[in-house]
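Examining the three-dimensional arrangement
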Amino acid sequence: MGKKRSKMRFRTLTLKQKLRRLFMVTSIMYILCTGLLFIFYYQNQIVDNARKTVVSDLQTIGKTIQTRINNVNEFMLAMTGNDVAQTYFASDEAPSSEDMLNNNAIARMMAPFEEVSSVFLIRFDYLDSDDPNAPEPYSKTSAIMSIDREVLREKRPLLEDRLGGYVLWLNGDGIVKTQRASVMCMLRVFYDAGTQRKLGIICATFDLSQLESALDNFSGENREYIFFDHEGKTILVTGEVEKFREYESVLAAGNSRITDGLVRRDIYATYEIPKTGIRVACIEHYVLWDNLSYKIVLVPLISVILMLLSLLMLDMMIRRYVTRPILKLSDSMQSAKKGWLRRVSMETNEDEIGMLKESYNEMLVEMNRLIEELLDKEKSVRKTEINILQQQIKPHFLYNTIEMIASLAIDDDTPREQVYDALETLGSFYRQFLSKGSNEVPLSTELEIAKKYLKLQKLRYGDIFTDEYDIAEDCLERLLPKLTIQPIIENSLYHGIRKKGGHGLIRIRVYKENDLVYVELYDDGVGMSPSKIERIMTEGEGEHFGLRRTIERFCYFEEREDCYKIESKEGEFTKITLVLRTK
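Residues numbered from 1 in each chain as written. Predicted model: local features only at pLDDT ≥ 70, side-chain atom pairs only at ≥ 80, totals over all residues. Heavy atoms only, no water.

Moving on, we come to the environment of Phe75. Within the secondary structure, Phe75 is located in helix 2 (residues 15-80). Phe75 sits 129 residues away from Ala204 along the chain, and the two C-alpha atoms are 8.6 Å apart. (Helix = DSSP H or I, 4+ residues; strand = E, 2+ residues; numbered from the N terminus.)

Next up, the structure:
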């Protein structure tokens, strides 16, 4: 209901008001569309560039960490060739801790490798022994750490399967116990240099600061990093662990991804450091407004301003060249409502408005012509009706008929019924003929007038003609102009039968065919030539009583020209057919 009311209200607005509203709606829609397109394009382009940057930064971070891990690995490989370490592992009994501490060879080896913070040398005899008093493994550590023998014993098969390769774990996956910060542990089996016999396990540790310091040049307020080991356990988180838990499925998928959002989007990327089992992931929270600059906003802003200026210019042109001329033309047309069909007089350009004005003026000229033509036709119709009435009430027709009835009355051989019938027919004829009312009458009434007219003429002229009727009963309700058939059969009698000089026939036939009603008026009088018919229907013929005007009046009533047909042959017959549409 409200929608319908809004439509009705909009329809009642003037053209000027509609254009203003259209201008406002167009401006708002353009600003919104430009803003949305700008956000969509800007985010798609800039965010994608940011994603590529995050991926590139992760690769750089991974390579930095890989380099540091490789340095730790180089240290461990160097340890396998160290004499002190070989002696420690190959001797029948483990050297005392005091002897090992007095030897600075391992400490000297650690010096160039600043990444290494601690070293553990663990013999298999210690690992296989259940003696709680067995000598502790050798350790060179900068923090308070110890080895969990039971956990290391469980991990031993995994280390031996690496065939000299290393395994990297956070806190050695429980092997190393630390009382302070966690550390990364690199473990590998120690082999005898000559026999390649497995002698023990060497463990080197490095602080998590080695991972965190690799992020120094790639940190930011909107970035957060997390490191995983080969089993997916968290090694290091720079942000809040809870936030990363929300995106674990995304981070586990690998590669990179951008979430959907109009103003804020999150960029996820992961990178697995080759041969280490460590995976680093990053989440960057991208907010549109935080990355906007005036140079970026300037382009859509200028576009919007130019569009608004264009719309203003368009509005001014429409008002100047369309709205105002139409309003002036409308004001000039208002006088036509008062009945004054005057041409519009105003200056217009040679455009559609000018064509509209000229078309309107031409329409007025045509309307005036049609009105004059209509008036002429109405005058002609009325004149025809008056002529018919005047002709029928001429004294000689009335006197002759009355004299004929009087002669019948004084004739002793004439039955009174015949005299009465003649008087009744005359009275009924003039009563129907002169009756007031509608100018349109049913076909039955017209036929009744014609029959009474022919009956009076028979009484007057005797048996000089015979009248026949073939009437379809389903056509009698059809309307036609009053006094259409009688004038035509009067022409048949006076200008056809009487001029023949002998007995004649007047036949009236009414029938329906193809939804049209045909009234056929036939006489076998003197007939007419085609040239005479043309002359009667174009110029008129004084002696042919109202034939042309009667047919014109009938065609005017039917609103078409092909409503009649005249067939005649000189010396033989005349047939006039009127065609009535079934209304």
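Here we take up unusual backbone geometry. Even without being a glycine, Gln196 presents a positive backbone phi close to 60°. Positive phi is not limited to glycine here, since Lys275 has a value of about 65°. Its location among the elements puts Lys275 in the loop between strand 11 (264-272) and strand 12 (279-287).

Another point: the side chain of Ser529. Within the element layout of this structure, Ser529 appears in the loop between strand 17 (516-523) and helix 17 (530-538). Polar contacts involving the side chain of Ser529 include one to the side chain of Ser531, which spans 3.2 Å. (Polar contact = N/O pair within 3.5 Å; in protein donor to acceptor, adjacent residues only side chain to side chain.)

For helix 16 (residues 485-500), built from 16 residues, the straight-helix expectation of 22 Å at 1.5 Å per residue is met to within 8% by its first-to-last C-alpha distance of 21 Å. For helix 16, a buried count of 12 out of 16 residues is recorded, marking the element as mostly surrounded by other parts of the structure. Along helix 16, the positions that sit buried rather than exposed are Ile485, Gln486, Pro487, Ile488, Ile489, Glu490, Asn491, Ser492, Leu493, His495, Gly496 and Ile497. Two residues or fewer after helix 16 comes Gly501, characterised by a positive phi angle close to 80°. (Expected span 1.5 Å × (residues − 1). Buried < 20%, exposed > 50% of the residue type's maximum accessible area, 1.4 Å probe, protein only.)

Moving on to the pairing of strand 6 (residues 183-191). In terms of burial, strand 6 is largely enclosed, as 9 of its 9 residues are buried. Here strand 4 (residues 167-170) pairs with strand 6 via 4 bridges, running antiparallel. Of the residues in strand 6, the one forming a bridge with Trp169 is Cys185. Pairing of strand 6 with strand 7 (residues 198-207) involves 9 bridges; the strand directions are antiparallel. Bridge pairing in strand 7 places Cys185 opposite Thr205. Taking the residues between adjacent antiparallel strands as the criterion, strand 6 and strand 7 are bridged by 6 residues, where Gln196 takes a positive phi near 60°. (Pairing = 2+ DSSP bridges.)

Pairing in this open sheet of 5 strands is mixed, and the strands run 14-16-17-19-18 from one edge to the other. Each edge of the sheet is formed by a strand with only one pairing partner; in this case those strands are strand 14 (465-471) and strand 18 (564-569). For this sheet the average axis-to-axis angle between neighbouring strands, irrespective of direction, equals 10°. Taken together, the 7 bridges between strand 14 and strand 16 (residues 504-513) define a ladder with parallel strand orientation. Bridged to Phe465 within strand 16 is Gly504. (Axes fitted to C-alpha atoms, helices over the stretch in contact; angles between N-to-C directions.)

Now for helix 17. Here helix 17 has its buried residues at Lys532, Ile533, Ile536 and Met537. For helix 17, the angular spread of buried residues about the axis comes to 130°, placing them on one side. Facing away from the buried surface of helix 17 by more than 90 degrees, the exposed residues are Pro530, Glu534 and Thr538. In the core, the buried residues of helix 17 are packed alongside helix 18 (547-558) and strand 18. (Arc of directions from axis to C-beta. Contact = heavy atoms within 4.5 Å.)

With their axes 8 Å apart at the nearest point, helix 17 and helix 18 run at an angle of 65° to one another. Classified by the angle their axes make, helix 17 and helix 18 are roughly perpendicular. Here helix 17 runs over helix 18; the crossing is right-handed. Judged by residue contacts, Ile536, Met537 and Thr538 of helix 17 engage Leu547, Arg548 and Ile551 from helix 18. Classifying every residue of the contact of helix 17 with helix 18 by side-chain character gives 4 nonpolar, 1 polar and 1 charged. (Parallel < 35°, antiparallel > 145°, perpendicular 65-115°, else oblique. Left-handed = near helix turned anticlockwise from the far one by under 90°. Nonpolar A, V, L, I, M, F, W, Y, C, P; charged D, E, K, R; others polar.)

What is shown is where atoms sit, not what they do.
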